Amino acid sequence: MSKILVTGAAGFIGSNFVRYLLRERPDVRVIALDALTYAGNLESLSDCSCDPRFRFVRGDICDAGVVAPVFREHLDAVVNFAAESHVDRSIMGAQEFVRTNFVGVQVLLDLAREHAVGRFLQVSTDEVYGSLGPTGKFTENTPIAPSSPYSASKAAADLLVHAYRTTFGLPTLITRCSNNYGPFQFPEKLIPLFVTNLLAGQKVPLYGDGLNVRDWIHVQDHCEAILAVLDRGKPGGVYNIGGESELPNIEIARRILHYLGHDDSMIEYVKDRPGHDRRYAMDITRIGDDLGWQPRIDSQEGIIETIDWYVANENWWRRIKTGEYLTYYDKQYGPGGVVGVEE
Ligand code: NAD
Ligand code: DAU
């Protein structure tokens, strides 16, 4: 039975990936590690907790003393989702972004090296490439040109991963994905923020002219792509992942508004995000040709299904908005300390 460490496992994509891995791979044991920052929510993994192949460890990836015992358990692979992930927060203050997204990755890389981990997959982002004009797509050879403190910290991590590959021969992999949507996304990001605002009778804040374009992918497709790269990616390889579904923000807003029975009067145009990237689009030829992966979920259906999920799971996001979700860990495991490490 192989053992995989998933860091940032209580976040949006990490929790979806853990669930997917447990479902797809009966021969895998998962150690789910997370610091449980404001973005980490153990309630997103509550259905996994009774699976004997699942174990949760509370820990900060920057703290080698806490993370090292997990690496002593002979890991076959590490998939690192742990990050500060919200661009607007990085504009308010970059310190936590540099700490987790860069220093934390260095800590994981050193431990992976020391313990000869078989595969180290760093989950990166299309934002490392910067912004596109009206045409063209990012390939894996597009120069790194991040715009925000968030994307700069992710780009720095990618360079460090590359350096550990070159200098130490660590079997690294990097994935760079476009904007995800789906269940369990923290309601500070565009789609869950807009859906939950409307469900709570509030307007939706659209930045600038609303014409910035993102390439939207369902989180399930992203998880499938990550597992394909983990299984069959070439060590040292970088793989773009995207949904082949470019949409301007105003179009996303209108889809949500109309589905929930509102019109444009619920849009509030607000001051633009500083340094706001205009357009992202991913060329996913490499992952298609080399690994046979393609996105499967159509964004028209995927976004509607996602709205339905937030409607049906009001308790999940209401507990975030009230802050109650922050008490869940203590109720499950007792206050303080690290749990679940097998020495
Ligand atoms: P998220 O903010 O929902 O989750 C991040 C998780 O990391 C949280 O559970 C948080 O508690 C944990 N974390 C933060 N700092 C930590 C630390 N120091 N130690 C341990 N855990 C820590 O983010 P997400 O949207 O799930 O993104 C996951 C990864 O995917 C990130 O690396 C992000 O850069 C990347 N990514 C996200 C998207 C997207 O659209 N959301 C797209 C491409 C790539
Ligand atoms: O592209 C991948 C990236 O996608 C990931 O690396 C990031 O972790 C993830 O947060 C996401 O970044 P974005 O900045 O693109 O996502 P966000 O949901 O914050 O914003 C999407 C677009 O919507 C962007 O153009 C800004 C706009 N926006 C966002 C918010 C929160 C609004 O107009 N209003 C809002 O309130």
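Everything below is about the structure printed above this text.
As a convention, each chain's residues are numbered from 1 in the sequence order in which they are written. Chains and ligands are labelled by the order in which they are written, letters from A for the one and numbers from 1 for the other. pLDDT decides what is reported in this predicted model: residues at 70 or higher carry local features, side-chain atom pairs at 80 or more are listed and counted, and totals for whole chains, interfaces and linings draw on all residues regardless. Hydrogen atoms and water are omitted, and side-chain values are computed over all heavy atoms in the structure.

Draft legend 1. Fine view of the overall build of the chain. Regarding its fold elements, the chain presents 12 helices and 12 strands. Our radius of gyration is a C-alpha quantity, and the globule rule it is checked against amounts to 2.2 Å times the number of residues to the power 0.38. In summary, the chain has a C-alpha radius of gyration of 19 Å against a globular reference of 20 Å for 343 residues, a match within 12%. Referenced to the eigenvectors of the C-alpha coordinate spread, the extents of the chain come out at roughly 60 × 45 × 35 Å. When a residue's accessible area, from a 1.4 Å probe over protein chains only, is under 20% of the maximum for its type it is buried; when over 50% it is exposed; and in between it is partly exposed. Every one of the 343 residues in the chain was classed for burial, and the buried ones make up 57%. What makes two residues a contact is simply this: any of their non-hydrogen atoms within 4.5 Å. Long-range contacts, defined here as pairs at least 24 residues apart, represent 82% of the contacts in the chain between residues at least 6 apart. Carbon and sulfur atoms form 52% of the exposed surface of the chain, whose accessible area is close to 14,000 Å². Only DSSP runs of H or I covering at least 4 residues are called helices, and only runs of E covering at least 2 are called strands; the numbering of each starts at the N terminus. Using the Shrake-Rupley algorithm and a 1.4 Å probe, accessible areas are obtained, with residue cover drawn only from the displayed protein chains.

Draft legend 2. Representation of the site of ligand 2 in the model. Surveying the vicinity of ligand 2 reveals 24 residues, the closest of which are Thr 125, Asp 126, Tyr 150, Arg 273 and His 276. Between ligand 2 and the protein, one listed contact pairs an oxygen atom with a side-chain N or O atom of Asn 249 at 2.9 Å. Take Arg 273: an N or O atom from its side chain is 2.6 Å from an oxygen atom of ligand 2. When ligand 2 is considered free in solution it has 690 Å² of accessible area, and contact with the protein chains removes 94% of it. Elements that contribute at least two residues to the shell around ligand 2 include exactly helix H6 (190–199) and strand S8 (204–207). Residues were grouped as follows: Ala, Val, Leu, Ile, Met, Phe, Trp, Tyr, Cys and Pro as nonpolar; Asp, Glu, Lys and Arg as charged; and all remaining residues, including Gly, as polar. Looking at the shell around ligand 2 residue by residue, the classes come out as 10 nonpolar, 8 polar and 6 charged. Whether a residue is near a molecule or strand depends on its heavy atoms: if one lies within 4 Å, it is near. Polar contact is defined as a pair of N or O atoms within 3.5 Å, subject to the rule that within protein one atom must be able to donate a hydrogen and the other to accept it, and that residues adjacent in sequence are counted only when both atoms are side-chain atoms.

Draft legend 3. Expanded view of the sheet that holds strand S11 (residues 246–248). Criterion used throughout: strands pair if DSSP finds at least two bridges between them. Strand order across the open sheet formed by 3 strands is S7-S9-S11, with mixed pairing between neighbours. Here the strands that pair on one side only, and so sit at the sheet edges, are strand S7 (179–181) and S11. Each strand axis lies, on average, 50° off the axis of its neighbour in the sheet, ignoring direction. Fitted lines through C-alpha atoms give the axes, limited to the stretch in contact for helices. The angle between two N-to-C directions lies from 0 to 180 degrees.

Draft legend 4. Expanded view of the site of ligand 1. Ligand 1 sits among 28 residues. The nearest are Ile 13, Asp 34, Ser 85, Tyr 150 and Lys 154. Between ligand 1 and Lys 154 there is a distance of 2.6 Å, counted from an oxygen atom to a side-chain nitrogen or oxygen. Protein contacts shield 97% of the accessible area of ligand 1, which totals 830 Å² for the unbound molecule. When contributions to the shell around ligand 1 are tallied by element, the ones reaching two or more residues are helix H1 (12–24), strand S5 (119–125), helix H5 (149–168) and S7. Considering each element in turn, the shell around ligand 1 owes the most residues, 3 residues, to S5.

Draft legend 5. Up close: the pairing of S8. Burial of the side chains of S8 is restricted to one face: Val 204 and Leu 206 are buried, whereas none of Pro 205 and Tyr 207 on the reverse face is. Pairing between S8 and strand S12 (residues 267–270): 4 bridges, direction parallel. Bridged to Leu 206 within S12 is Tyr 269.

Draft legend 6. Region of interest: the sheet that holds S5. Spatially, 7 strands are ordered S3-S2-S1-S4-S5-S6-S10 in an open sheet, and the strand pairing comes out parallel. Edge positions in the open sheet fall to strand S3 (54–58) and strand S10 (237–241), since each of these has one partner strand only. Sheet twist, expressed as the average angle between the axes of neighbouring strands with direction ignored, equals 20°. One ladder, built from 6 bridges, connects S5 with strand S6 (residues 172–177); its direction is parallel. Residue pairing across strands places Gln 122 opposite Ile 174, the latter belonging to S6. Sheet strands in contact with helix H2 (residues 64–71) are strand S1 (2–7), strand S2 (28–34), S3 and strand S4 (77–80), and its direction is about 180° off that of S2. In the packing of helix H4 (residues 95–114) onto the sheet, contacts are made with S1, S4, S5 and S6, and the angle to S5 comes to roughly 165°.

Draft legend 7. Molecular detail of the packing of aromatic side chains. Pairs were defined over the aromatic rings of Phe, Tyr and Trp, the Trp ring being its six-membered one, requiring ring centres within 6.5 Å. Orientation was assigned from the angle between planes: stacked under 30 degrees, edge-to-face over 60, tilted for the rest. This model, assessed by the stated rule, comprises 13 aromatic pairs. Aromatic pair Phe 138 and Tyr 280: ring centres 6.3 Å apart, planes at 45°, arrangement tilted. Here the residue Phe 138 occupies a position in the loop between S5 and H5, and Tyr 280 occupies one in the loop between S12 and helix H9 (285–291), the gap between them amounting to 142 residues. Since its relative accessible area comes to 1%, Phe 138 is described here as buried.

Draft legend 8. Unusual backbone geometry, seen in detail. Notably, Leu 36 is not glycine yet its phi reads approximately 55°, a positive angle. As for its position among the elements, Leu 36 is in the loop between S2 and S3. Look at Leu 36 and you get buried, because its relative accessible area is 13%. Even without being glycine, His 74 reaches a positive phi, approximately 60°. Mapped onto the elements, His 74 comes out in the loop between H2 and S4. Owing to a relative accessible area of 67%, His 74 belongs among the exposed residues under this scheme.

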